[in-house]
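# Coordinates in review
Spelled out from the first residue to the last, the chains are:
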Amino acid sequence: MKTSIATVSISGELPEKLEAIAKAGFGGVEIFENDFLAFDGSPADVGKMVRDHGLEITLFQPFRDFEGMPASHRQRTFDRAERKFDVMQELGTDLVLVCSNVSPVSLGGVDRAAADFYDLGERAAKRGLRIGYEALAWGRHVNDHRDAWEIVRRADHPNVGLILDSFHTLSRKIDINSIRSIPKDKIFIVQLADAPLIDMDLLYWSRHFRNMPGEGDLPVTAFTAAVAATGYDGYFSLEIFNDQFRGGQARSIAADGHRSLIYLGDQVRRAPGTETLSVASMPDRATVRGVGFVEFSTDEEDAADLIGILRTLGFRKTAAHRSKKVSIFQQGDIRLIVNTEEKGFTNASFAVHGTSAYAMALIVDDAKQAFARAVALDAEPFSQPVAAGEVEIPAIRGVGGGLIYLLDDQSDLGRFSEIDFMPVEDEAEIVPAHLLRIDHVAQTVAYDEMLTWLLFYSSIFETHKTPMVDIIDPAGVVRSQVVENASGSLRITLNGAENRRTLAGHFIAETFGSGIQHLAFDTDDIFATAEALRKNGFRPLHISPNYYGDVEARFGLDPELTERLKAENILYDRDEHGEYFQLYSGTYGEGFFFEIVERRNYRGYGAPNAIFRIAALKKLMRPEGLPKM
Ligand SMILES: O=C(O)c1ccc(O)c(O)c1
Ligand SMILES: [Mg+2]
């Protein structure tokens with residue numbers, strides 16, 4: 001698939017944008033007129049800069065308010081076009097995007113517009129240039145690609161073609177199958193954008209809220225499959241107007257864009273009738289069977305505290321690494337690894353972030369294939385030296401520079417803990433706490449990184465997202481987005497912090513970046529767990545007694561149940577499927593904590609309780625920092 005992106009999609013000045021676009025791996029770039037006008041160099045300088053980066057200019061845009069003008073304006077309109085042609089020739093591009101007229105003086109009329117395009121086509125042909133016509137969703141007379149195509153068809157000029165833009169078509173819910181009957185050589189280029197479903201004015205939605213394919217809610221894959229069915233195999237060009245991206249990091253926005261196109265190409269390739277689309281094949285999205293382990297980087301001193309907490313949670317040390325200062329703590333299917341190595345990546349991570357859950361392992365069907373897919377989707381591979389005879393686990397970099405290891409049962413990977421570790425007996429007196437498996441991994445990221453990680457997880461692993469929810473922290477809002485699979489064997493919550501006074505924001509600021517802020521474990525008997533934890537000396541997060549009065553009234557709970565919940569500091573929620581019980585630890589370090597949940601068919605994450613949980617956790621924070629638990 002030939003990939004391109006419009007300069008308007010990226011923040012910064014033109015040279016910075018081009019560098020980021022080239023670095024991300026795009027082949028082409030649309031030059032937006034404003035980016036060119038704000039730049040001091042000549043069009044020829046811009047053209048050279050583009051080509052020096054190994055890029056091609058896919059088009060120059062936009063040319064506005066052209067077709068269907070009254071006679072009084074027509075000459076001036078053509079004069080304007082000739083000026084654009086001059087710039088295009090100097091830039092070194094042959095295609096201009098003409099978007100449908102929004103001028104109140106424009107007259108409409110399919111044949112009038114077709115005649116204008118024929119005349120423009122004649123002028124363009126003299127210079128070896130081409131005209132692409134795009135229907136804006138808010139065009140005055142033309143706001144539907146089917147009408148734009150009819151105009152192009154009637155203009156019947158080899159230098160005049162159609163430009164499709166997924167946003168304009170999908171925002172108006174136009175039947176995408178209407179694309180399948182357009183001849184491929186009349187589609188001059190295809191622009192792609194997704195967007196979150198928000199009910200608002202089309203123009204405002206388009207200019208401020210577009211995002212990368214896969215980041216929003218529009219059926220961009222089906223749109224692209226319809227395009228591919230025509231046999232079109234030219235550039236697919238991202239055109240993303242987004243306020244957040246404009247203020248973001250050029251490099252990471254460009255990288256997300258590139259990933260989104262590769263992901264899209266792979267999905268479209270799997271749809272029927274799209275064989276002519278040239279995309280490299282790659283393994284399908286990896287099905288995750290569970291979380292194999294979560295690993296903490298720490299030092300000897302902090303490890304003592306951390307291990308103390310793990311033991312109160314009912315974990316026992318079950319294995320020690322043969323050659324490294326690494327131990328495994330286990331309970332049910334949950335494996336937590338404590339790594340106090342004084343060299344290597346883990347230690348470097350500890351030096352930057354302090355004690356943190358910096359790595360997790362996902363169990364997939366075939367780790368090699370999952371790794372290949374991740375790398376094809378621009379994930380950064382990670383490897384480190386392993387001693388002879390030890391298992392090398394494939395890994396990629398994840399949130400906050402942490403790691404995602406990939407395990408499977410096909411190879412020695414499934415036996416890494418037997419090969420690399422020796423079993424040990426934990427001498428401590430620990431009451432088992434009925435914890436069965438990891439329910440979810442909660443990662444805290446900066447708000448403007450949320451889409452990056454959403455795309456990362458959903459493109460590599462077979463997952464879906466659920467609608468974003470706002471969680472109220474006494475000091476601001478934290479946005480929470482779930483990425484999960486259908487079976488529930490992978491559940492990740494991404495919490496986006498906008499300011500450093502929220503619990504999530506504090507965590508990011510004080511641990512120098514994004515990362516896992518909490519781990520939730522499943523139990524099948526929350527009250528038995530609470531009792532075991534009490535025996536182990538676990539200190540639960542204290543929940544305000546006022547909460548229980550409200551929850552009892554809200555759900556009509558049996559007062560006896562409310563009393564039990566209150567006695568154990570257990571939070572309660574219910575959805576249309578079932579009930580949910582949550583028990584929290586206090587905070588560790590800069591705001592890390594544990595959660596224990598019991599799901600009785602419940603599908604959510606207890607969002608209505610988050611406000612109370614956050615308030616309770618924040619009470620543990622003192623101005624001088626967070627106390628140890
Ligand atoms: O918002 C606009 O005006 C605009 C301009 C050019 C495009 O290609 C587009 O999709 C929108
Ligand atoms: Mg467009």
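Just so it is clear, the model here is predicted, and its values are computed rather than measured.

So, on to the site of ligand 1. Neighbouring ligand 1 are 13 residues; Arg64, Glu134, His168, Arg207 and Glu239 lie closest to it. Measuring from an oxygen atom of ligand 1, one finds a side-chain N or O atom of Glu239 at 2.6 Å. Starting from 290 Å² of accessible surface for ligand 1 in isolation, the protein chains cover 100%.

All right, on to the coordination of the magnesium ion (ligand 2) then. Note on the magnesium ion (ligand 2): its protein donors are Glu134 (OE), Asp165 (OD), Gln191 (OE1) and Glu239 (OE). The metal-donor distances range over 2.0 to 2.2 Å. If you look at the magnesium ion (ligand 2), its six donor atoms make angles of 76 to 176° with each other, and the shape they trace is octahedral. Along the chain, the residues donating to the magnesium ion (ligand 2) fall in the pattern E-x30-D-x25-Q-x47-E. You can see Asp165 sitting in strand β6 (residues 160–165) and its partner Gln191 sitting in strand β7 (residues 187–192), a full 26 residues away along the chain. Overall, the relative accessible area of 2% leaves Asp165 in the buried class.

Taken together, the side chains of Ile472, Ile611 and Phe612 define a hydrophobic patch exposed on the protein surface, amounting to about 230 Å² of accessible area. For Phe612, a relative accessible area of 33% translates into the label partly exposed.

Here we come to the pairing of strand β11 (residues 326–331). Most of β11 sits out of view: five of its six residues are buried. One ladder, built from four bridges, connects strand β10 (residues 316–321) with β11; its direction is antiparallel. Bridging from a neighbouring strand, Lys317 pairs with Phe329 of β11. The turn joining β10 and β11, which pair antiparallel and follow one another in sequence, is formed by four residues.

With that settled, the discussion passes to the layout of surface pockets. When its volume is computed, the largest pocket comes out at roughly 720 Å³. Lining the largest pocket are 27 residues, and of these Ser252, Ala255, Asp256, Thr452 and Trp453 lie nearest its centre.

Where charged atoms from two side chains of opposite charge come close, those side chains can pair. Going through the model one piece at a time under the given rule, you end up with 41 salt bridges. Among the salt bridges present, the one from Asp473 reaches Lys618, with a minimum N-O distance of 2.7 Å. A residue pair is termed long-range when its members are at least 10 positions apart, and Asp473 in strand β20 (residues 469–473) and Lys618 in helix α21 (residues 607–619) qualify at 145 residues. Owing to a relative accessible area of 3%, Asp473 belongs among the buried residues under this scheme. Of the residues examined, Lys618 reaches a relative accessible area of 17% and is grouped as buried.

Take the environment of Leu59 next. Within the secondary structure layout, Leu59 lies in strand β3 (residues 56–63). Along the primary structure Leu59 and Ser585 are separated by 526 residues, whereas in three dimensions their C-alpha atoms are 56 Å apart. With sequence-adjacent residues up to four places away left out, Leu59 is seen in contact with Val29, Glu30, Ile31, Thr93, Leu95, Leu97, Ile163 and Ile189.

Our next topic: the packing of helix α11 (residues 250–269) against helix α16 (residues 450–460). Axis separation between α11 and α16 bottoms out at 10 Å; the angle between their running directions is 25°. Judged by the inter-axis angle, α11 sits roughly parallel to α16. Classified by chirality, the crossing of α16 by α11 is left-handed. Contacts from Asp256, Arg259, Ser260 and Tyr263 of α11 reach α16 at Thr452, Leu455, Phe456, Ser458 and Ser459. Residue composition of the contact of α11 with α16, by class: three nonpolar, four polar and two charged.

Before going further, it helps to spend a moment on the packing of aromatic side chains. Scanning the model with the defined rule gives 27 aromatic pairs in all. Between Phe296 and Phe592, the aromatic rings sit 5.6 Å apart at their centres with planes inclined by 75°, giving edge-to-face as the arrangement. Taken together, the positions of Phe296 in strand β9 (residues 288–297) and Phe592 in the loop between β25 (579–584) and β26 (593–600) put the pair 296 residues apart, joining distant regions of the chain. Among the residues examined, Phe592 registers a relative accessible area of 5% and is labelled buried. Taken together, the aromatic side chains of Phe63, Phe66, Phe78, Phe117 and Tyr133 make up a single cluster linked through ring pairs. Stacked on the ring of Tyr447, the Lys or Arg Arg479 has its end atom at 5.3 Å from the ring centre. The ring of Tyr605 is capped by Arg599, whose NZ or CZ atom sits 5.1 Å from the centre of that ring.

Attention now goes to the side chain of Ser260. Looking at the element boundaries, Ser260 is found in helix α11. Residue class for Ser260 comes out buried when judged on its relative accessible area of 0%.

According to UniProt, the "binding site: a divalent metal cation" (unreviewed entry) feature falls on Glu134, Asp165, Gln191 and Glu239. Spanning 106 residues, the annotated positions come together in the fold, the maximum distance between their C-alpha atoms being 12.7 Å. Lining residues of the second largest cavity drawn from the annotated set just named are Glu134 and Asp165. Those residues in contact with Asp165 that lie beyond four places of it in its chain are Glu134, Gln191, Arg210, Phe223 and Glu239. Inspection of the secondary structure puts Glu239 in the loop between β8 (235–238) and α10 (243–246). The class for Glu239 is buried, based on a relative accessible area of 2%. Ignoring any residue separated from it by four or fewer positions in sequence, one finds Glu239 in contact with Ala6, Val8, Ser9, Glu30, Phe32, Gln61, Glu134, Asp165, Gln191, Leu192, Ala193 and Arg210. A polar side-chain atom of Glu239 sits 2.7 Å from a polar atom in the side chain of Gln61.

This next bit is on the confidence of the model for the protein. When pLDDT is averaged along the protein, the result is 95; 99% of the residues meet or exceed 70. Per-residue pLDDT stays below 50 along residues 623–629; that stretch engages in 20 contacts with residues further than four places along the chain or on separate chains. Confidence metrics for the complex model read pTM 0.96 and ipTM 0.99.

Turning to the UniProt feature "binding site: Mg(2+)" (unreviewed entry) in the protein, a few remarks are in order. Here the UniProt-annotated "binding site: Mg(2+)" (unreviewed entry) positions come out as His440, His518 and Glu595. Spanning 156 residues, the named residues form one tight spatial group whose C-alpha atoms are at most 9.3 Å apart. Here, the largest cavity is lined by His518 out of the annotated residues. Structurally, the position occupied by His440 is in strand β18 (residues 435–446). With residues near it in sequence (within four places) discarded, His440 still touches Arg491, Thr493, His518, Leu519, Ala520, Tyr580, Glu595, Arg599 and Tyr605.

Quick look at the pairing of strand β22 (residues 491–497) now. The buried count for β22 comes to seven of seven residues, which makes it a mostly enclosed element. Here β22 shows no split at all, with Arg491, Thr493, Asn495 and Ala497 on one side and Ile492, Leu494 and Gly496 on the other all buried. Both β18 and β22 contribute to a ladder of six bridges, which runs parallel. Bridging across to β22, Thr444 finds its partner in Asn495. Of the strand pairs in this sheet, strand β21 (residues 476–484) and β22 are connected by seven bridges, and their pairing is antiparallel. Considered in β22, the bridge of Val482 is made with Thr493. Linking two consecutive strands that pair antiparallel, namely β21 and β22, is a turn of six residues; a positive phi of about 85° is found at Gly488 within it.

Conventions and cut-offs
Residues numbered from 1 in each chain as written. Chains lettered and ligands numbered in written order. Predicted model: local features only at pLDDT ≥ 70, side-chain atom pairs only at ≥ 80, totals over all residues. Heavy atoms only, no water. Near = heavy atom within 4 Å. Polar contact = N/O pair within 3.5 Å; in protein donor to acceptor, adjacent residues only side chain to side chain. Areas by Shrake-Rupley, 256 points an atom, 1.4 Å probe, with all protein chains shown as cover. Donors = N, O, S within 2.8 Å, 3.2 Å for Na, K, Ca; no water. Tetrahedral: all angles 85-135°; square planar, octahedral: opposite > 155°, others 65-115°. Helix = DSSP H or I, 4+ residues; strand = E, 2+ residues; numbered from the N terminus. Buried < 20%, exposed > 50% of the residue type's maximum accessible area, 1.4 Å probe, protein only. Patch = residues over 30% accessible without salt bridge, like charges linked within 9 Å, V, L, I, M, F, W, Y side chains within 5 Å. Salt bridge = Lys/Arg side-chain N within 4 Å of Asp/Glu carboxyl O. Pairing = 2+ DSSP bridges. 1 Å grid on protein atoms, 1.4 Å probe; cavity = no way out; pocket = protein on both sides within 12 Å on 5 of 7 lines; lining within 4 Å. Points joined across faces, edges and corners; volume = space filled by probe spheres on them. Contact = heavy atoms within 4.5 Å. Axes fitted to C-alpha atoms, helices over the stretch in contact; angles between N-to-C directions. Parallel < 35°, antiparallel > 145°, perpendicular 65-115°, else oblique. Left-handed = near helix turned anticlockwise from the far one by under 90°. Nonpolar A, V, L, I, M, F, W, Y, C, P; charged D, E, K, R; others polar. Phe/Tyr/Trp six-rings, centres within 6.5 Å; stacked < 30°, edge-to-face > 60°. Lys NZ or Arg CZ within 6 Å of the ring centre and 35° of its normal. UniProt positions renumbered as here; feature names shortened; annotations may be inferred. pLDDT = per-residue confidence, 0-100.

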